[in-house]
Amino acid sequence: MLQRFTQALIPTVKETPAEATNASHILLLRGGYVRQVGAGIYNFLPLGLRVLRKIENVVRQEMDRAGAQEVLMPALLPGEYFKETQRWDLYGDVLFRIRDRKGGDYHLGPTHEEIVTDMVRREVRSYRQLPLNLYQIQTKFRDEPRPRGGVMRGREFTMKDAYSFDVDELGAQRSYENMREAYKRIFERLGLTFRIVQADSGAIGGKTSAEFQVLADSGEDAIVACDECDYAANVEAAEIGALPKGPEFPKEEVREVHTPNVGSIADVAKFLKVNAKRFLKSLLYVAPASDAHPHGEVVMACVRGDHEVNEIKLANALGAREVHLATEADVERATGAKVGFAGPVGFKGRVLVDPAGAELTNAVTGANKTDHHLMGVNLSRGDYAADVKDIRSAAEGDPCPRCGAHGGGGHFKAYKGIEGGHIFILGTHYSAKMRATFLAQDGSERPMIMGCYGIGISRLVASAVEQHHDQDGIRWPLAIAPYHVHLCTLGTEPEVMNAAKALADALVERGIDVLWDDRDERPGVKFKDADLIGLPWRVTIGAKTIAKEQCELKARSNRDPKGHELVTLANAPERIAAALGMAD
Ligand code: ATP
Ligand code: MG
């Protein structure tokens, strides 16, 4: 395919747009790929759409290859299906709700478990019709509290969502593994560096789930990956290997010390001349109201002074949907002391402590008395009562739970990631609620075992740029570049234009997509735009090169300003095809 610049809508911009902060947002706006229509709502201009379609095509090919079948479900949905599973209420403000002219409840689809489950329960009766895997590439709507990063987190976005239906757990596991392999191929083919990470699946009740995280420093998700084996996890889900045993100290008596006007752990540590690692940091959280605690339960979470409490792990440990940090007033009411002096000794309420905190000998902790701390606190001696649970965030340097416990083997390295995909075994969560059952071979009626698998197609456009750019612009991976070759003509003399046209035609014949910058612009302007737009190869033809029957070939990844290769016009199509890995 050949596209002439003068006939295209490619509105490149020199200035950094004021509303954008992350690199992908800035470059996709500046390169003329996308434009904002409203908060979290975007137009894809021609270049942007070509990238989106290329990603879709890779995803479609791999889903088809994996045996999934494409369907298309509506985006406009009657409320009754989400009401069947209570998600009409659970989804809260994220759901775009609509009334039709008759006053009926409708909404825009944020995801389609209910709709696909309804489709399948109507059509599938027998085990003979299973397994099934249905997918779609479709527009999703979520009224995100903080849409940001352009198409990275939109309120309208394109997702590939797939749903598997199996007769038993083993089958569901097989479907899940099949999708995991398909996703691996997809992310590899797209040219993205990624990690498959264990994710939190507490709230949905799923057992097995993994996120495909595209590594990028600007990513929102904190992940840890073992430096020796392939264990990787979101910090909120990461299991942590046992830390090596510290030196043994004789147990001291618990004693109260006066710590006036010192607040933070760092300050108290300095004041008492004790390492922060000897502290038992105690934070108060509130879990939502329940029958036993109509006003919510105040619990104490304790971790070692250099560790952080993780709210998702804490909520999971409590069996709560969420927890939030207690207010100052809550803390004072629960401990009788100002914030900064809470501790587990004598605390009237539930205490959870993480294993590293539980192991401390002679810990320093708050005394539940303003301006006072306790030293010499030992859980092993029963100085306080607590449930020992993993409630802290994994951090760089922690031992790997698979190969690194007790000081041997691998340790965590910390990364930032962008969640590009998410795969899940759902079990019977939806099929039981919605009575999506089948007749098993033994004649019994059973709920189908489901899995769901999402890829953020439009988010991947931004993720790819986040991972592949430099200060001059985008550096598209070959597989998703909107065109393969950026052909620049310098000057508009007929010989130059004719030579360019002939070269472009020869390239197109080989299946190479060419964007021809045929504008009457200065070389500097054209080269700047070429770097910004970021096609993998730039080919330049001008009066000077033509005089020698040559053109210049330069890779976008080559940062050397003189790093181009002179190729004869006759050899150029073959040489370029070879550079693109498209030679026959
Ligand atoms: P996040 O944690 O980033 O909000 P999620 O876990 O809510 O995402 P899923 O429900 O797992 O998202 O959706 C499947 C995929 O859709 C995600 O892995 C992500 O790539 C993409 N996605 C989710 N929300 C958005 C959004 N607002 N804009 C663009 N892509 C999104
Ligand atoms: Mg997710």
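Definitions and cut-offs
- Residues numbered from 1 in each chain as written.
- Chains lettered and ligands numbered in written order.
- Predicted model: local features only at pLDDT ≥ 70, side-chain atom pairs only at ≥ 80, totals over all residues.
- Heavy atoms only, no water.
- Helix = DSSP H or I, 4+ residues; strand = E, 2+ residues; numbered from the N terminus.
- Buried < 20%, exposed > 50% of the residue type's maximum accessible area, 1.4 Å probe, protein only.
- Contact = heavy atoms within 4.5 Å.
- Areas by Shrake-Rupley, 256 points an atom, 1.4 Å probe, with all protein chains shown as cover.
- Lys, Arg positive; Asp, Glu negative; His and termini not counted.
- Charge placed at Lys NZ, Arg CZ, Asp CG, Glu CD.
- Polar contact = N/O pair within 3.5 Å; in protein donor to acceptor, adjacent residues only side chain to side chain.
- Near = heavy atom within 4 Å.
- Nonpolar A, V, L, I, M, F, W, Y, C, P; charged D, E, K, R; others polar.
- Domains from an automatic or database assignment.
- Donors = N, O, S within 2.8 Å, 3.2 Å for Na, K, Ca; no water.
- Expected span 1.5 Å × (residues − 1).

A tally of helices and strands in the protein yields 16 helices and 32 strands. Overall, the C-alpha framework of the protein stretches about 95 × 65 × 50 Å when taken along its three principal axes. Residues classed as buried in the protein amount to 52% of the 584 residues present. Expressed as a percentage of contacts within the protein between residues at least 6 apart in sequence, the contacts between residues at least 24 apart total 69%. Surface summary for the protein: the accessible area is close to 26,800 Å², and the carbon and sulfur share equals 50%. Charged side chains of the protein number 74 positive and 81 negative; the gap between the two group centres comes to 1 Å.

Residues separated by three or four positions in an α-helix point in the same direction, a consequence of the helix having 3.6 residues per turn. Within the span of helix α8 (residues 311-318), buried status applies to Lys313, Leu314, Ala315 and Leu318. Contacts from the buried residues of α8 go to β15 (280-287), β16 (297-304) and β18 (351-353). Between the side-chain oxygen of the N-cap and the backbone nitrogen of Ile312 there are 2.9 Å, and the N-cap of α8 in question is Asn310. Positive backbone phi, approximately 70°, marks Gly319, located one or two places after α8.

Now for the site of ligand 1. The local shell around ligand 1 holds 13 residues, among which Glu144, Arg153, Gly154, Glu419 and Arg459 are the closest. With respect to ligand 1, the backbone of Gly420 contributes an N or O atom lying 3.2 Å from an oxygen atom. For ligand 1, whose free accessible area comes to 580 Å², the fraction covered by protein is 81%. Here the shell around ligand 1 gets four residues from one element, more than from any other, and that element is strand β22 (residues 412-427). Residue composition of the shell around ligand 1, grouped by class: three nonpolar, five polar and five charged.

On to the domain arrangement of the protein, then. What the domain assignment reports for the protein is domain 1 (23-74 + 109-239 + 414-465), domain 2 (255-388) and domain 3 (483-579). Once you take the C-alpha centre of each, domain 2 and domain 3 turn out to be 65 Å apart.

It is worth spelling out the coordination of the magnesium ion (ligand 2) at this point. Here the magnesium ion (ligand 2) is held by Glu419 (OE) and His422 (ND1), and the distances to it run 2.2 to 2.3 Å. For His422, a relative accessible area of 18% gives the class buried.

Given a rise of 1.5 Å per residue, 20 residues ought to cover 28 Å, and the 28 Å separating the end C-alpha atoms of helix α2 (residues 46-65) matches this to within 8%. Within the span of α2, buried status applies to Leu47, Gly48, Val51, Leu52, Lys54, Ile55, Glu56, Val58, Val59, Glu62 and Met63. Positive phi appears at Gly67, one or two residues downstream of α2, with a value of about 95°.

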